[in-house]
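# Inside the fold
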Amino acid sequence: MACQSCATGKDGQPKGCKNNGTCGTDSCNKLTVFDWLANMSVPNGEKPFDWVEVRFKNGRKHYYHNAENLTLSIGDIVATQAQSGHDIGMVTLTGELVRVQIKRKRIDTKNDILKIYRKASQKDIDIWSEARDKEEPMKVKARQFAIDLKLQMKISDIEFQGDSSKATFYYTAEERVDFRELIKIYAREFRIRIEMKQVGFRQEASRLGGIGSCGRELCCSTWLTDFRSVSTSAARYQQLSLNPQKLAGQCGKLKCCLNYELDSYLDALKAFPKADTKLYTEKGTAVCQKTDIFKGHMWYAYEGEWMNWHLITTDQASEIIAINKKREKVASLEEYAVDLVEDEKTEFENVVGQDSLTRFDSPKGNKKRKNNRNRNKKPVQNKVEAKNNNTNASKGNTANKSNTPKAKNQANSAKPKPRPKRKPNKRKPENNNNKPNESK
């Protein structure tokens, strides 16, 4: 969802609002909420909800009380209350939808009350923009100081307060880190109040953003707000290979999208017999090797014949299990596997008149030999063309002239002369010094 200035242009190219993340509709920012109650008026006698949602750097959002009854709309830059001083942020949501968000996130509006001071002036915006410009070079120096002290931590992001009085350093670490000496170095070098805040690897990925293996932006940086635990059993239920390189996301943890379709897979697996259930036949005991949830197929192999798999449906497997519960055995799995007819693969034909899809699959020939042959044939072709030209010219003349001996001689001279046959080279017999000379 893009704002009007970000929409597609006439030539199909995106216009680009060039507002650098401060669109009037706030639709180009992270974790955007669409205000679907904006065009609905408040009932008579009801006051509009006096809380607003304010966004800060990298999707950090807080809810503030509009005690001064300021006329605020989405996109306004305001000065908000902080622990010390004030902070600068942008209004992203107003009205009754803020009440819904506060209720969903369980925010206590009686005790945790933060106020909005005023709309930001130009001086406040200038100080805020100057502080934001310092963050990137400061992050490079901060990482170097942590490396020099040999601390097992990573400075992922730095965020200045709006009045440029404090800087929050976000870091990730697998173990507990003693950074007391590091804070002293930061305070001496940067001359500012320092606050260290540890975040998880998923929170780091949501703050920084990125592109996932699916080719889209990370879910945690666009719309996902709660991080549920993901286990390897989710991959097993979906018949995925347990490859950590493919199952891990940008944060190094298991992908959050493994939980999206897990419930559908669990419902589909209820119709499948358990994979650890063995099938007993007169030919031998069969063990499940593989299942296809979408088609409802199962592959079984006899014990001792692990290379030969037999494909049956889930209904047939349930039927064999029911027979085995009666302490009876079926003849073999082959009787059930024969009844199953596999779908034929659809072959795409060239009905539009385009080139073949497999035109690049054919092996390439030796172009050098073809070029050499063509070079040898060029003078012969020239002679043939000369012959055709002479014959056409002779046809244009009268019949009497064509029968003259002079014309016959010209026609004979136009014919290509055959190449003389090369005589085979007769190899001279080699004198063998070991053999005796017969002439003697």
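The structure under discussion appears in the preceding block.
Residues numbered from 1 in each chain as written. Predicted model: local features only at pLDDT ≥ 70, side-chain atom pairs only at ≥ 80, totals over all residues. Heavy atoms only, no water.

Strand order in the open sheet formed by three strands is β6-β7-β8, with mixed pairing between adjacent strands. The sheet is open, and its two edges are formed by β6 (154–160) and β8 (193–198), each paired on a single side. Looking at each pair of strands side by side, their axes are set apart by 25 degrees on average, direction ignored. Sheet topology note: the strand β7 (residues 166–172)/β8 ladder contains six bridges and is parallel. Counterpart to Tyr171 in the pairing with β8 is Gln198. Helix α2 (residues 122–148) rests against β6 and β7 of the sheet, and its axis sits at about 155 degrees to β6. Running over the sheet, helix α4 (residues 201–208) touches β6 and β7 and is turned about 50 degrees from β6. (Pairing = 2+ DSSP bridges. Helix = DSSP H or I, 4+ residues; strand = E, 2+ residues; numbered from the N terminus. Axes fitted to C-alpha atoms, helices over the stretch in contact; angles between N-to-C directions. Contact = heavy atoms within 4.5 Å.)

Here strand β9 (residues 279–280) runs beside strand β10 (residues 285–292); their pairing, made up of two bridges, is antiparallel. Bridging across to β10, Leu279 finds its partner in Ala286. Linkage of β9 to β10, two consecutive antiparallel strands, is achieved through a turn of four residues, within which Gly284 is found at a positive phi near 160 degrees. Pairing of β10 with strand β11 (residues 297–302) involves six bridges; the strand directions are antiparallel. By the bridge assignment for β11, Thr291 is matched with Met298. Taking the residues that link successive antiparallel strands as the turn, the β10-β11 hairpin has four residues, and the phi of Gly296 there is positive, at about 75 degrees.

What follows deals with the sheet that holds β10. Sheet architecture is open: four strands sit in the order β9-β10-β11-β12, paired in antiparallel fashion. The open sheet has two edge strands, β9 and β12 (309–313), and neither has a second partner. Looking at chain direction, β11 and β12 are connected through five bridges and run antiparallel. If you follow Trp299 over to β12, its bridge partner there is Leu311. Those strands touched by helix α9 (residues 314–325) are β9, β11 and β12, and its axis lies near 95 degrees from that of β12.

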